[in-house]
There are 2 protein chains.
Amino acid sequence: MAPQLDSYFKQVDSLSDHFIERLRKAVAIPSVSSEDERRPDVVKMGEFLAEQLKALGASVELRPLGKQPHKEHLDLPPVVIARYGSDSNKRTILVYGHYDVQPALKEDGWATDPFTLTVDDKDRMYGRGSTDDKGPVLGWLNAIEAHQKAGVDFPVNLLMCFEGMEEYGSEGLDDFIKDEADKYFKDADAVCISDNYWLGTEKPCLTYGLRGCNYYSIEVSGPGQDLHSGVFGGTAHEPMTDLVRVMSTLVDSSGKILIPGIAELVAPLTDEEKSLYGDIAFTMDNLYESLGSQTSLFDNKERTLMGRWRYPSLSIHGIEGAYSAPGAKTVIPAKVIGKVSIRTVPNMESADVNKLVYDHVNGEFAKLKSKNKLTVSCQHDGKWWVASPKHWNFTAAGKAVEHVWGVKPDLTREGGSIPVTLTFEQATGKNVLLLPMGSSTDAAHSINEKLDKKNYIEGIKLLGAYLHYVAEEPMKEG
Amino acid sequence: MAPQLDSYFKQVDSLSDHFIERLRKAVAIPSVSSEDERRPDVVKMGEFLAEQLKALGASVELRPLGKQPHKEHLDLPPVVIARYGSDSNKRTILVYGHYDVQPALKEDGWATDPFTLTVDDKDRMYGRGSTDDKGPVLGWLNAIEAHQKAGVDFPVNLLMCFEGMEEYGSEGLDDFIKDEADKYFKDADAVCISDNYWLGTEKPCLTYGLRGCNYYSIEVSGPGQDLHSGVFGGTAHEPMTDLVRVMSTLVDSSGKILIPGIAELVAPLTDEEKSLYGDIAFTMDNLYESLGSQTSLFDNKERTLMGRWRYPSLSIHGIEGAYSAPGAKTVIPAKVIGKVSIRTVPNMESADVNKLVYDHVNGEFAKLKSKNKLTVSCQHDGKWWVASPKHWNFTAAGKAVEHVWGVKPDLTREGGSIPVTLTFEQATGKNVLLLPMGSSTDAAHSINEKLDKKNYIEGIKLLGAYLHYVAEEPMKEG
Ligand SMILES: [Zn+2]
Ligand SMILES: [Zn+2]
Ligand SMILES: [Zn+2]
Ligand SMILES: [Zn+2]
């Protein structure tokens, strides 16, 4: 029997201004984890969450993670862990989110101040962290509050784990989760993470797979210091020339990875899998809108979704050490570091990928016969992840989506990596569900990040509804 | 008969601490012309020069150049023009220098604060602008002062032209020089510029040729904003991929320019020219020392000097818009601008070079079949220059070098461009001499720029001696 959710839903609607105000307060704290000087703001954001949770009656702890590796002058921001309810007759759901955000500067091209939540005439709420991931994190708090004010019993015990370093590699979190798996997180029956996005803008989805990411540094050095190209051009091997030539052998303009052996690591496409893509609610227009252009690699949705979900991709992100400002500096940079990453998919093992990359890069560099020095290394890697979408955790979420949004959700995978997903699965041994709140046009990690008001408010309903359906699912593991 | 210079030289020696103090004051003014917020310091440096010149009895004018093109909120720094002496029985020498400097940050890797002149135990004077070009500019002022204090008659009328935008393309200066050629600069019999360097560290040189420089922007754009590589990698054409592939077709690791037609524009090497390179005082060790490494393209000095002086070279300086910081950001940049320059030599005409570059770049991009957009443009160009080293201006300088340093100078060309050289030649119709003060290891435009104390003090003697020999040269044009 479907749970009675009407009074909860009504309460969410009537509290919507209050919930937007809560998001406004959170966005106003510039909790940029990658910038040293913002670290106090990251901590402040963790404390803000803790206070709000305490006010809602949750038991809360701020757990320190020690010093930041390679930046020993900095303390890592604390993990905020909390428990709401401890009724042994209820299921216990562990939810994860992050309270840190990507860097953002008005000068980068934001139309509005990135740390001032600004709602436009189409009810789009702009601000850094609005959709990634402050909106979803506050969604859990809002769900608790709406239950309380509606006088509806909270259907599960909720364990919460909110970290402050997600946008900078979740430093320290893996060990913390492993340590707490049989302690603070011991009761968890399943895990839910709201930190990804709908495929398009209209239809909700549940996500059961993620690509991994191996991130490489390719460093070429030669001269003892930066040189003037007038004086040294034509007399010395130039690191930029070598780096550009090596990087040009990694991927072609059609997106094809040119590193031998990579394609062979990829799980073959079966007819069954192939047939799934046609039904997914996604159009090329969704892609064009989120791209902001029509520069797609493919002209059909099936191949586009496969390109995002089930095939690896290689991106060249930039070069450290080369001239990067506007203007016209005639420098020969002495040391340049190319930043390249490969999105990985089943069945690519990180060590195998690394070996292929190293062999290829070193081989291509050797062909150049340059006197410069090249070193290639994997800066970090995160494995791909695929879960079972037939587990009760997914079934409950599917019913909740249908209740709130009136449609069955698509079962999707994601192109990006959320490494903590795999960590939770491995540490707890429980099913992990990705339950997104925002939509494909939210521009997480870009300028003008936003969360639609509708996604936020209906998302709060969804998180609550999901917990009610979880409480009603048969107890056997799916 | 050689001029009597002993009392002048002695005076220079006894004033050497005072002259170093004057350089210290100049280096302390961070007159970085490329940084908007430093513009007041550039102006301050111009005013400092003007005051010092006035105190020496020169007539001085600060000439405004109007607003900075494309940065209309900024006034260009003034040109400091000055005259010392107006005896119609004397020759008039026009000297040029620049009082602005390259950017410099301690964090870039400077061993000392770049704007604090720091003398080490080997009498190397470190500081931004020490050798480029504050040391040489102050050299002229110091020469005047030493003549005064030694009671030696100044042998020529000296016209001075010191600009404050050289490191940012000498904005506005060309028109100024053309305008003043028959006005303020009308009496000039020859021009002398001290803004380049010895080939090595031991032997002085006179310079009669320069390469030109055509600087290109190659812009590739596609997506409406920066993208997350997890979400969009494998679905969209990536501007960085296209740019890297296009740039990889410009030059190979041996320094060979791959753009068809460029080599054909270069004046052929004659046997006579070829024979000149063997005698030049330059060793591969000089190159290795200034490179800070042994990563030379060639293993002999002749081919190395040709690579620097008489063949074109192509350098890739960097990329604007791509990720350039330390760390590991997984961004797909929406718009990237490659910065590439070609050093030009006789007989490469700028328009011909541009056409070859545009055709090649557009052709290579077309081959990629990318949906992104590429535009290539010449950001600025400066023509190469070759003068007659048999003119009395050079003969006088040669004798002065022999007097001060005890050796005949090498007659050299330079790999870098000093566009104002050609402007002075064309505007005044007079011979232009490049008379360097610093040496090859001075690291202009790099971290740890320095000027050796010996080069500074003997350089002051040389500038004065040069003017005495100029006064004695036969009047016929060389
Ligand atoms: Zn996130
Ligand atoms: Zn994120
Ligand atoms: Zn200079
Ligand atoms: Zn310079």
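Residues numbered from 1 in each chain as written. Chains lettered and ligands numbered in written order. Predicted model: local features only at pLDDT ≥ 70, side-chain atom pairs only at ≥ 80, totals over all residues. Heavy atoms only, no water.

Digging into the pairing of strand β13 (residues 313-320) of chain A
The side chains of a regular strand alternate between the sheet's two faces. Residues and elements named next belong to chain A. Of all 8 residues in β13, 7 are buried; the element is thus mostly enclosed. Here β13 pairs with strand β15 (residues 335-344) via 7 bridges, running antiparallel. Each residue of the ladder has a partner; that of Ser315, found in β15, is Ser341. (Buried < 20%, exposed > 50% of the residue type's maximum accessible area, 1.4 Å probe, protein only. Helix = DSSP H or I, 4+ residues; strand = E, 2+ residues; numbered from the N terminus. Pairing = 2+ DSSP bridges.)

Some details on the environment of A:Ala328
Mapped onto the fold, A:Ala328 is located in the loop between β13 and β14 (331-332). Owing to a relative accessible area of 27%, A:Ala328 belongs among the partly exposed residues under this scheme. With sequence-adjacent residues up to four places away left out, A:Ala328 is seen in contact with A:Tyr323, B:Tyr215, B:Gln379 and B:His380. (Contact = heavy atoms within 4.5 Å.)

Let's talk about a negative patch on the surface
All names here are of chain A. Taken together, the side chains of Asp174, Asp175, Asp179 and Asp182 define an acidic patch exposed on the protein surface. With respect to the helices and strands, the residue Asp182 is situated in the loop between α5 (173-180) and β9 (190-193). Judged by relative accessible area, which is 54%, Asp182 ranks as exposed. (Patch = residues over 30% accessible without salt bridge, like charges linked within 9 Å, V, L, I, M, F, W, Y side chains within 5 Å. Areas by Shrake-Rupley, 256 points an atom, 1.4 Å probe, with all protein chains shown as cover. Salt bridge = Lys/Arg side-chain N within 4 Å of Asp/Glu carboxyl O. Lys, Arg positive; Asp, Glu negative; His and termini not counted. Charge placed at Lys NZ, Arg CZ, Asp CG, Glu CD.)

What about the coordination of the zinc ion (ligand 2)?
Residue and element names in this part refer to chain A. The coordination sphere of the zinc ion (ligand 2), as far as protein atoms go, consists of Asp132 (OD), Glu167 (OE), Glu167 (OE) and His445 (NE2), spread over 2.0 to 2.7 Å. Coordination at the zinc ion (ligand 2) is irregular: its 4 donor atoms span angles of 52 to 135° at the metal. Summarised as a motif, the one-chain spacing of the donors to the zinc ion (ligand 2) is D-x34-E-x277-H. Separating the zinc ion (ligand 2) from the zinc ion (ligand 1) is a distance of 3.1 Å, and Asp132 supplies a donor atom to each of them. Of this pair, Glu167 sits in the loop between β8 (157-163) and α5 while His445 sits in the loop between β19 (432-434) and β20 (450-452), and the two are 278 residues apart along the sequence. (Donors = N, O, S within 2.8 Å, 3.2 Å for Na, K, Ca; no water. Tetrahedral: all angles 85-135°; square planar, octahedral: opposite > 155°, others 65-115°.)

Quick look at the interface of chain A and chain B
Listed per partner, the contact involves 80 residues of chain A and 81 residues of chain B. Taken over both partners, the interface formed by chain A and chain B buries close to 6500 Å², and the fraction arising from carbon and sulfur atoms is 53%. Our count for the chain A to chain B interface comes out at 0 salt bridges. Where chain A packs against chain B, one counts 54 residue pairs in polar contact (both at pLDDT 80 or more). Looking at the side of chain A that touches chain B residue by residue, the class counts come to 29 nonpolar, 39 polar and 12 charged. (Buried area = accessible area lost by both parts, 1.4 Å probe. Polar contact = N/O pair within 3.5 Å; in protein donor to acceptor, adjacent residues only side chain to side chain. Nonpolar A, V, L, I, M, F, W, Y, C, P; charged D, E, K, R; others polar.)

Section: the environment of B:Ser7
Residues and elements named next belong to chain B. Locating Ser7 in the fold gives a position in helix α1 (residues 6-14). Take Ser7: its relative accessible area is 39%, and that puts it in the partly exposed class. Put simply, Ser7 and Gly429 are 422 residues apart on the chain and 35 Å apart in space, counted from C-alpha to C-alpha. The contact partners of Ser7, leaving out residues within four places of it in the chain, are Ala150 and Val152.

Observations concerning the packing of helix α1 (residues 6-14) of chain A against helix α4 (residues 130-150) of chain A
Residues and elements named next belong to chain A. It is the contact of α1 with α4, at a shortest axis distance of 9 Å, that shows an interaxial angle of 115°. As summarised for this structure, α1 and α4 are arranged roughly perpendicular, according to the angle between their axes. When the axes of α1 and α4 are compared, the crossing they make is right-handed. Between α1 and α4, the contacting residues are Ser7, Tyr8, Gln11 and Val12 on the first element and Ala143, Ala146, His147, Lys149 and Ala150 on the second. For the contact of α1 with α4, a count of residues per class yields 5 nonpolar, 3 polar and 1 charged. (Axes fitted to C-alpha atoms, helices over the stretch in contact; angles between N-to-C directions. Parallel < 35°, antiparallel > 145°, perpendicular 65-115°, else oblique. Left-handed = near helix turned anticlockwise from the far one by under 90°.)

Comments concerning the UniProt feature "binding site: substrate" (unreviewed entry) in chain A
Taking the numbering used here, the UniProt-annotated feature "binding site: substrate" (unreviewed entry) corresponds to A:Asp195, A:His228, A:Thr330, A:Arg343, A:Ser417 and A:His445. Spatially, the listed residues are scattered: they cover 251 residues, and their C-alpha atoms lie as much as 46.7 Å apart. Here A:Arg343 lies in strand β15. Beyond its immediate chain neighbours, meaning those up to four positions away, A:Arg343 contacts A:Arg211, A:Gly212, A:Cys213, A:Pro312, A:Ser313, A:Gly415, A:Gly416, A:Ser417, B:His228, B:Ser229, B:Gly230 and B:Thr330. Tracing the chain through its elements places A:Ser417 in the loop between β18 (410-414) and α14 (419-428). Leaving out residues up to four positions away in the same chain, A:Ser417 has contacts with A:Arg211, A:Gly212, A:Cys213 and A:Arg343. (UniProt positions renumbered as here; feature names shortened; annotations may be inferred.)

Some remarks on the pairing of strand β3 (residues 71-75) of chain A
Residues and elements named next belong to chain A. Alignment of strand β2 (residues 67-68) against β3, held across 2 bridges, turns out to be antiparallel. In the strand pairing of β3, Gln68 is matched with Lys71. Hairpin connection, β2 to β3: the antiparallel pair is bridged by 2 residues, and His70 has positive phi, about 70°.

As for the domain arrangement of chain A
Residues and elements named next belong to chain A. What the domain assignment reports for chain A is domain 1 (2-210 + 385-472) and domain 2 (212-266 + 311-382). A straight line from the C-alpha centre of domain 1 to that of domain 2 covers 35 Å. Each side of the interface is counted separately: domain 1 has 6 residues, and domain 2 has 4 residues. Between domain 1 and domain 2 lies a buried interface of about 360 Å² when both sides are counted; carbon and sulfur atoms form 56% of it. There are 0 salt bridges connecting domain 1 and domain 2. The interface formed by domain 1 and domain 2 holds 0 residue pairs in polar contact (both at pLDDT 80 or more) in total. Its residues placed into classes, the side of domain 1 that touches domain 2 shows 2 nonpolar, 3 polar and 1 charged. (Domains from an automatic or database assignment.)

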